[in-house]
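Working through the structure, step by step
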Amino acid sequence: MKQAVPTASPRVGRPGIAWAVPGVLFFVLFAVGPMALVGYLSFTSWDGLGDFPSVSGTGNWERLFEDPTMRQAIWLSVLLTGVSWLIQTPVALLLGVWSAGRQRNRAVLSAIFFLPLLASSVALALLWKSLLDPNFGLIAEIGPWLGIEDGNLLGTGDGAFAAVAFVAAWQFIPFHTLLYQGGARQIPKSFYEAASIDGASTVRQFFSITLPQLRNTIVTSSVLMVVGALTFFDTVLILTEGGPGTDTTIVPYLMYETGFQAYDMGYASAIATTLVIVATAISLLMVRATGFSKMRSTREGM
C-alpha cells in the first residue's frame with residue numbers, strides 16, 4: 001500500500017514587497033516630496049506669488065539663528081510642550097485606567113467626556129474665544145471671582161498662554177485617555193487577583209502593577225503629545241493670533257505669519273525645516289532613551 005506523500009503547505013510569512021508599494025508611493029508623494037521641496041525653498045528667496053524662487057544661499061539660515069523672535073518662539077513652543085505634557089499625562093492616565101474598569105455609568109460618562117474629539121480644532125477654538133470674550137463671554141461674569149477684574153484674560157501674556165495650554169489639554173486629553181484605556185485593558189487580571197490576595201490596596205496596585213505595565217503606552221502617548229504640541233497652530237491662530245504682542249507666537253504660528261502674511265516663503269521654509277528636524281530628533285531621542293525601540297511585544301502586561 002502506497003503511503004500518501006504530504007503536499008507542500010503554502011508558504012506563510014510576510015506579504016510581498018508589492019503590498020508596500022501603494023503606501024510607499026503615498027508617503028513619498030505627500031510627505032517626503034513636500035519636505036524636500038520645503039528644504040530647497042529654505043535656500044531661496046521667494047514671495048510665493050511672483051516668479052520662480054531665486055537661490056539665496058544660506059541667508060535664511062543665518063537669519064534664523066540671529067532672529068530674537070525665533071528664539072522667543074522656540075522657548076514658547078518648548079514651554080507649551082512641557083506644560084501640555086505635565087497637564088495631560090497624569091489626567092489622561094488616571095481617566096484611562098478608570099474608564100478601563102466596569103464602574104456604573106462608565107460608558108455614558110466616557111462617551112460624554114470624549115465629545116471634544118468629534119469636533120474640529122477650529123470649531124473648539126471659536127467656542128473658547130467666545131467664552132473668553134471680555135465683553136460678552138462667560139469670563140466677563142466669572143472673571144472677578146478668578147481675580148481677573150476686567151475679564152480680559154487674553155489681554156495679558158500669561159493669561160493668553162494659560163488659555164492656549166488649557167484649551168489644548170481640554171481637547172486632546174480624551175485622545176490620550178483612549179490610549180491608556182486600551183493599554184489598561186490588556187493587563188492580565190491575574191496580576192490584580194494575586195495582589196489582592198497579598199493584601200495590596202488599590203493605590204499600591206496602581207503604582208506596582210498598572211503604572212509599570214503601561215510604560216510603553218506612556219512612551220507612545222508622550223511622543224504623540226510632544227509632536228502635537230510642537231506643531232500646534234490652529235488654536236493659537238484663532239484664539240490669540242500670537243498675541244498679545246508675541247507672547248503666544250510659537251514656532252508654527254511664526255512660520256505661518258512669515259510665509260502667508262509677510263510673504264517670505266524662503267525664511268518660512270527654513271523655520272518649517274527646523275521644526276521638522278527638531279520634532280523628529282526629540283521623538284527618536286525619547287524612543288531610544290526609554291527603551292521603547294527594544295519592545296518585543298505589542299501587548300501590555302505580557
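First, a word on what this report is: a plain description of the structure on this page. (Residues numbered from 1 in each chain as written. Predicted model: local features only at pLDDT ≥ 70, side-chain atom pairs only at ≥ 80, totals over all residues. Heavy atoms only, no water.)

The subject of this paragraph is the overall build of the chain. Summing up its helical and strand segments, the chain has 13 helices and two strands in all. Taking 19 Å as the expected radius of gyration for a compact globule of 302 residues, we find that the chain reaches 25 Å, considerably beyond that expectation. By its C-alpha atoms, the chain is 85 × 60 × 30 Å across when sized along the principal axes. Within the span of the chain, comprising 302 residues, buried residues form 36% of the whole. Residue pairs in contact within the chain that sit at least 24 positions apart in sequence constitute 68% of those at least 6 positions apart. (Helix = DSSP H or I, 4+ residues; strand = E, 2+ residues; numbered from the N terminus. Rg over C-alpha atoms; globule rule 2.2 N^0.38 Å. Buried < 20%, exposed > 50% of the residue type's maximum accessible area, 1.4 Å probe, protein only. Contact = heavy atoms within 4.5 Å.)

With 21 residues, helix α1 (residues 21-41) extends 28 Å between its outermost C-alpha atoms, agreeing within 8% with the 30 Å of an ideal straight helix rising 1.5 Å per residue. At Val28, α1 shows its largest kink, close to 40°. Residues of α1 that are buried include every one of Ala31, Gly39 and Leu41, and no others. In this structure, the buried residues of α1 make contact with β1 (44-45), α2 (59-66) and α13 (265-290). (Expected span 1.5 Å × (residues − 1). Bend = angle between axes of the 7 residues up to and from the residue.)

The residue His176 is located in helix α7 (residues 157-185) in this model. Residue contacts for His176: discarding those within four places in its chain leaves Gln88, Ala92, Ser221, Leu224 and Met225.

Unoccupied space between atoms shows up once a probe the size of one water molecule is rolled over them. In this model, the largest pocket occupies a volume close to 550 Å³. Residue lining of the largest pocket: 17 residues in total, with Val97, Ala100, Gly101, Ala184 and Tyr192 positioned closest to the centre. Sorting the residues of the lining of the largest pocket by element identifies α3 (68-99), α7, α8 (189-197) and α9 (202-213) as the ones contributing at least two each. When residues in the lining of the largest pocket are grouped by element, the largest group, four residues, is from α9. (1 Å grid on protein atoms, 1.4 Å probe; cavity = no way out; pocket = protein on both sides within 12 Å on 5 of 7 lines; lining within 4 Å. Points joined across faces, edges and corners; volume = space filled by probe spheres on them.)

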